[in-house]
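# Residue-level structural notes
Listed below are the residues making up each chain.
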Amino acid sequence: MKRFNHFIKQSVIGGLLVISPAMILFFAIRWAFFAVGDIIQPLATPIARNTNAPDIMVDLLVIMLILLGCFIVGNIVSTGAGKWLHARFDRVLTKFAPGYNLVRDIIHQFIGSNANSPFSRGEVARAQLFGPDIATQATVIVTSTHENGWYSVFVPTGPNPTSGMIYHLPPEQVELLPHIKVDEALRTIIACGAGSGELFKQ
């Protein structure tokens, strides 16, 4: 009887491990689809009213128009005049919306358009945060190198690597690992350290 119960339990857990990620992904996509639908509703409603097209076709058309608009704006701001206009636009928004700079910088960090973004330009390292005589190490991303040879490092927290702490350390406490990609290190952090042994033995 115990073996039978163990078999049932293991089978159910095994099934959950296979099905759960797919279901979570499905619900995440579904949530994102409806969230986007709500956001674009002011644009989609007039088009749907005048064309009598199916709602999904109207939503796709609006999304394509938004992406086209982003493409056009991206090309404009790559020119000298566009950069000047963008700078003035930033100054005006900063004046009237104090949180604008913070939101802009966060978005730049995640998208990777910022040259200093740790997620696009950082270098993986192991750091002895508490001094060279203490063996405890942490997986870190080097975000800046100082003139005196020190490093600024970002220490991501698991399982959410987008939050963490910043330390400024001397070079003897930082072991650079240029052969490890940032996304590979972040995967071990998301997994709360699982896979670190295989990653660091490379």
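Now for a quick tour of the structure. For every chain, the first residue of its written sequence is number 1, and the numbers climb from 1 along that sequence. Since the coordinates come from a predicted model, pLDDT governs what is reported: local features require at least 70, and pairs of side-chain atoms require 80 or more to be given and counted, while whole-chain, interface and lining totals use all residues. Only heavy atoms go into the side-chain values, all of them from the structure, while hydrogens and water stay out.

### Points about the nonpolar core
- Listed in full, the eleven residues of the largest apolar core are Ala125, Ala127, Leu129, Ala138, Val140, Val142, Tyr151, Val153, Val155, Leu169 and Val174.
- In DSSP terms, a helix is any run of H or I states spanning at least four residues, a strand is any run of E spanning at least two, and both are numbered starting from the N terminus. Listed by contribution, the elements that provide at least two residues to this core are strand S1 (123-127), strand S2 (138-145) and strand S3 (151-156).
- Residues in contact with Val155, not counting those within four places in the same chain, are Leu129, Ala138, Thr139, Val140, Ser163, Gly164, Met165 and Tyr167.
- Counting residues in each nonpolar core, the second largest holds nine residues, with Val124, Ile180, Ala185 and Leu186 among its members. The term nonpolar core refers to a set of buried residues drawn from Ala, Val, Leu, Ile, Met, Phe, Trp, Tyr and Cys, joined through side-chain atoms within 4.5 Å. Relative accessibility thresholds used throughout: buried, under 20% of the residue-type maximum; exposed, over 50%; partly exposed, between the two (1.4 Å probe, protein chains only). A contact between two residues is defined here by any heavy atoms of the two lying within 4.5 Å.

### Digging into the environment of Pro156
- Relative to the elements of secondary structure, Pro156 occurs in strand S3.
- Along the primary structure Pro156 and Ile190 are separated by 34 residues, whereas in three dimensions their C-alpha atoms are 9.3 Å apart.
- For Pro156, the residues in contact, after removing those within four places along its chain, are Thr139, Val140, Ile141, Pro161, Ser163, Gly164, Leu186 and Ile189.

### Thoughts on the sheet that holds S1
- A sheet is described by the order of its strands in space; here five strands give the open sequence S4-S3-S2-S1-S5, paired in antiparallel fashion. Only two strands of the sheet have a single partner each, and these edge strands are strand S4 (164-169) and strand S5 (174-176). Adjacent strand axes in the sheet meet at a mean angle of 40° when their direction is disregarded.
- Bridge count between S3 and S4: six bridges; the pairing is antiparallel. Note on S4: the bridge partner recorded for Pro156 is Gly164.
- A fitted line through C-alpha atoms serves as each axis, taken over the contacting stretch for helices, and the angle formed by two N-to-C directions is quoted from 0 to 180°. Packed on one face of the sheet, helix H5 (residues 182-190) meets S1, S2 and S3 and runs near 140° to S2. Whether two strands pair comes down to DSSP finding at least two bridges between them.

### Things to note about the packing of aromatic side chains
- Pairing of aromatic rings covers Phe, Tyr and Trp, the last counted by its six-membered ring, and requires centre-to-centre distances within 6.5 Å; plane angles under 30 degrees mean stacked, over 60 mean edge-to-face, and any other angle means tilted. Counted under the stated rule, the structure contains one aromatic pair.
- An angle of 70° between the planes, with centres 5.3 Å apart, marks the rings of Phe26 and Phe27 as edge-to-face.
- Counting as a charge over the ring demands two things of the Lys NZ or Arg CZ atom: a distance within 6 Å of the ring centre and an angle within 35 degrees of the ring normal. One cation-aromatic arrangement involves Arg126 over Phe200; the distance from NZ or CZ to the ring centre is 4.8 Å.

### What to know about a nonpolar patch on the surface
- A cluster of nonpolar side chains, namely Leu61, Leu65, Leu68, Phe71, Ile72 and Ile76, defines an oily patch on the protein surface of about 570 Å² accessible area.
- Along the chain, the position of Leu68 falls in helix H2 (residues 55-76). A residue counts toward a patch only above 30% relative accessible area and without a salt bridge, and it is joined to like-charged neighbours within 9 Å or, for Val, Leu, Ile, Met, Phe, Trp and Tyr, to nonpolar neighbours within 5 Å. Under the convention used here, a 1.4 Å probe and the Shrake-Rupley method define accessible areas, while residue burial counts only the protein chains that appear. For this document, the term salt bridge refers to a Lys or Arg side-chain nitrogen within 4 Å of an Asp or Glu carboxyl oxygen.

### Structural notes on the pattern of salt bridges
- All chains considered together, the criterion is met by one salt bridge.
- Note that Glu175 and Arg126 form a salt bridge whose closest N and O atoms lie 3.2 Å from each other. Of this pair, Glu175 sits in strand S5 while Arg126 sits in strand S1, placing them 49 residues apart in sequence.

### A closer look at unusual backbone geometry
- Residues Gly158 and Pro159 are joined by a peptide bond in cis, for which omega reads 5°.
- Relative to the helices and strands, Pro159 resides in the loop between S3 and S4.
- For Cys192, which is not glycine, the phi dihedral falls at a positive 55°.
- Relative to the elements of secondary structure, Cys192 occurs in the loop between H5 and helix H6 (196-200).

### Points about the pairing of S1
- Pairing of S1 with S2, which is carried by five bridges, proceeds in the antiparallel orientation. Bridging from a neighbouring strand, Arg126 pairs with Thr139 of S2.
- Relative to S5, S1 runs antiparallel, the two being bridged by three bridges. Across the sheet, the residue bridging to Arg126 is Glu175, located in S5.

### Side note on H2
- With 22 residues, H2 extends 31 Å between its outermost C-alpha atoms, agreeing within 8% with the 32 Å of an ideal straight helix rising 1.5 Å per residue.
- Taken residue by residue, H2 has Val58, Asp59 and Val62 as its buried positions. All buried residues of H2 project into a common sector of 100° when viewed along the axis, lining one side. Facing away from the buried side of H2 by over 90 degrees, the exposed positions are Met64, Leu67 and Phe71. To estimate the expected span of a helix, count its residues, drop one, and scale the result by 1.5 Å. Arc definition: directions from the helix axis to the C-beta atoms.

Function cannot be inferred from these measures alone, as they are strictly geometric.
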